[in-house]
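Residue strings, one per chain:
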Amino acid sequence: MSSVFGDPGYARLPDGRRLHYVSQGEGRPVVVLESGLGATRTEWGLVMPAIAERTRVVAYDRAGLGRSDHDPHRRHLDRMVEDLGHLLDHLGEDRYILAGHSLGGPIIRAYASAHPERVAGLVLIDQAAEDLDFYYKRSMRAVAMGAQSVMAGLATLGVKVVPAEVRRILALFPPDMRAEALAEMTRPSEIRATRAEYAALAEGFARLRSSPDVLPPVPITAISGALTPSKVEERVRPELIASHRRLVESQPHGRHVLAERSGHMVPQDEPDLVIAEILRLITRPAG
């Protein structure tokens, strides 16, 4: 099946599942993009073409999302990291530049910690931060999972609910990208896969908080959204930015960048900034 987001392919995992990915461009180092919670390859539609002018860039759908097979196992962080590793093995390169948005940040950090020899650089785009208490509040998790359950139930009945922020983001995409993304994100299976990721989020973050990643000495950029469009973000945003800064300040080649025109959705609101930071790592030596 073709995709407006790139040339499609599938990575076959040891348990028989398939991960769907899209690829654009040619060259090395290969850039692999890890999406946020419940998001797919479509998150990177405004970023991939410019990266593809310089090198090969790959975005994929995690299990149960987009065109990837469902995973019957609990979708905890280690499981996601393991799947990413199988995808990278399938692509066949020695080292990669990994860029992750939101939940994608902890995923690529955990992979880099476990496989430092495979990583040439990291770009963490408004990444989720396991050192913030916000992610562990039961009340917040209950509200989010309840909303996802309602949306899945409505989607099963043929009622497609698209939150206002998602509609705003989709409006930034060309019509063909918007149509492909919307067709997938309103399926009941998509919403259930998102809920499965959220259900195991605190568990995975607790492990990271108790046993912090030891990252390889490669270039690492953290991009933080600067805007606070909601009351929740007004409370959390300063702590999140501080966490991002602490992480890169502890690294020998760390860099912190503020996305002045973005809240959390930096890849859509400021794709040029994301592109610039990824291209910077492509041309910068790791030493």
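Attention here is on the structure that accompanies the text.

Definitions and limits used
- Residues numbered from 1 in each chain as written.
- Predicted model: local features only at pLDDT ≥ 70, side-chain atom pairs only at ≥ 80, totals over all residues.
- Heavy atoms only, no water.
- Salt bridge = Lys/Arg side-chain N within 4 Å of Asp/Glu carboxyl O.
- Helix = DSSP H or I, 4+ residues; strand = E, 2+ residues; numbered from the N terminus.
- Buried < 20%, exposed > 50% of the residue type's maximum accessible area, 1.4 Å probe, protein only.
- Core = buried A, V, L, I, M, F, W, Y, C linked by side-chain atoms within 4.5 Å.
- Phe/Tyr/Trp six-rings, centres within 6.5 Å; stacked < 30°, edge-to-face > 60°.
- Lys NZ or Arg CZ within 6 Å of the ring centre and 35° of its normal.
- Pairing = 2+ DSSP bridges.
- Axes fitted to C-alpha atoms, helices over the stretch in contact; angles between N-to-C directions.
- Contact = heavy atoms within 4.5 Å.
- Polar contact = N/O pair within 3.5 Å; in protein donor to acceptor, adjacent residues only side chain to side chain.
- 1 Å grid on protein atoms, 1.4 Å probe; cavity = no way out; pocket = protein on both sides within 12 Å on 5 of 7 lines; lining within 4 Å.
- Points joined across faces, edges and corners; volume = space filled by probe spheres on them.
- Expected span 1.5 Å × (residues − 1).
- Arc of directions from axis to C-beta.

## Details of the pattern of salt bridges
Argument step 1. The full count for this structure, using the stated rule, is 29 salt bridges.
Argument step 2. For Glu180, the salt bridge is made with Arg67, and the minimal N-O distance between the two is 3.6 Å. Linking Glu180 in helix H6 (residues 175-185) with Arg67 in the loop between strand S4 (57-60) and helix H2 (77-91), this pair joins segments that are 113 residues apart in sequence.
Argument step 3. When the shortest N-O distance is used, the salt bridge between Arg255 and Glu277 registers 2.9 Å. Of this pair, Arg255 sits in strand S8 (residues 254-259) while Glu277 sits in helix H11 (residues 271-283); the two residues are 22 residues apart in sequence, bridging distant segments of the chain.
Argument step 4. Judged by its relative accessible area of 32%, Arg255 falls in the partly exposed class.
Argument step 5. Three or more residues are tied together by salt bridges with common partners; here these are Asp15, Arg17, Asp71, Arg75, Arg79 and Asp83.

## Some remarks on the nonpolar core
Argument step 1. In terms of nonpolar packing, the biggest core is built from 44 residues, with Val32, Leu84, Leu87 and Leu98 touching the most fellow members.
Argument step 2. At 7 residues, H2 tops the list of elements feeding residues into this core.

## Quick notes on the packing of aromatic side chains
Argument step 1. According to the stated counting rule, one finds 1 aromatic pair in the structure shown.
Argument step 2. Here the aromatic rings of Tyr135 and Phe205 are separated by 5.3 Å at their centres, their planes lie at 75°, and the arrangement is edge-to-face. Of the two residues, Tyr135 is situated in the loop between strand S6 (119-125) and helix H4 (138-156) and Phe205 in helix H8 (residues 201-210); the sequence distance between them amounts to 70 residues.
Argument step 3. Taking NZ or CZ as reference, Arg18 lies 4.0 Å from the ring centre of Tyr10, over its face.

## Quick look at the sheet that holds S6
Backbone-to-backbone hydrogen bonds pair the strands of a sheet. The strands run either parallel or antiparallel.
Argument step 1. Read across the open sheet, the 8 strands follow the order S1-S2-S4-S3-S5-S6-S7-S8; overall the sheet is mixed. Looking at strand neighbours, the two that pair on one side only are strand S1 (7-12) and S8, the edges of this open sheet. With strand direction ignored, the average angle separating the axes of adjacent strands in the sheet is 20°.
Argument step 2. In this structure, S1 lies alongside strand S2 (residues 18-24), joined through 6 bridges in antiparallel fashion.

## Things to note about the environment of Ser3
Argument step 1. Assignment of secondary structure puts Ser3 in the segment before S1.
Argument step 2. On the basis of relative accessible area, Ser3 is assigned to the buried category, the value being 13%.
Argument step 3. Residue contacts for Ser3: discarding those within four places in its chain leaves Val22, Arg41, Arg67 and Glu180.
Argument step 4. Reaching out from Ser3, the side chain makes a polar contact with the side chain of Glu180 at a distance of 2.6 Å.

## Things to note about empty space enclosed by the protein
Argument step 1. Considering all chains together, one arrives at 2 cavities of 30 Å³ or more under this definition.
Argument step 2. Surrounding the largest cavity, Arg75, His76, Leu77, Met80, Leu103, Glu197, Ala200, Leu201, Gly204 and Phe205 form its lining.
Argument step 3. Secondary structure elements with two or more residues in the lining of the largest cavity: H2 and H8.
Argument step 4. Considering every element that reaches the lining of the largest cavity, the biggest residue donor is H8, with 3 residues.

## Considerations on helix H7 (residues 188-199)
Argument step 1. End to end, H7 covers 16 Å across 12 residues, agreeing with the expected 16 Å (1.5 Å per residue, within 8%).
Argument step 2. For H7, the full list of buried residues reads Glu190, Ile191, Ala193, Thr194, Glu197 and Tyr198. When H7 is viewed along its axis, its buried side chains cluster within an angular range of 160° and face the same direction.

## What to know about unusual backbone geometry
Excluding glycine, most residues fall at negative phi; most peptide bonds, likewise, are trans.
Argument step 1. That bond from Arg28 to Pro29 is cis: its omega, -5°, falls within 30 degrees of zero.
Argument step 2. In this structure, Pro29 sits in the loop between S2 and strand S3 (30-34).
Argument step 3. Located in the positive-phi region is Ser102, a residue other than glycine, with phi close to 60°.
Argument step 4. At Asp126, a position not held by glycine, the phi torsion is positive, near 40°.
Argument step 5. Position of Asp126 among the secondary structure elements: in the loop between S6 and H4.

## Observations concerning H11
Argument step 1. End to end, H11 covers 19 Å across 13 residues, agreeing with the expected 18 Å (1.5 Å per residue, within 8%).
Argument step 2. Residues of H11 that are buried include every one of Pro271, Leu273, Val274, Ile275, Glu277, Ile278, Leu279, Leu281 and Ile282, and no others.

## Examining the pairing of S3
Argument step 1. For S3, the buried fraction is high: 5 of the 5 residues fall into the buried class.
Argument step 2. Of the strand pairs in this sheet, S3 and strand S5 (residues 96-101) are connected by 5 bridges, and their pairing is parallel. Across the sheet, residue Val32 finds its bridge partner in S5, namely Leu98.
Argument step 3. Note: S3 against S4, 3 bridges, orientation parallel. Residue pairing in the sheet places Val31 in a bridge with Val57 of S4.

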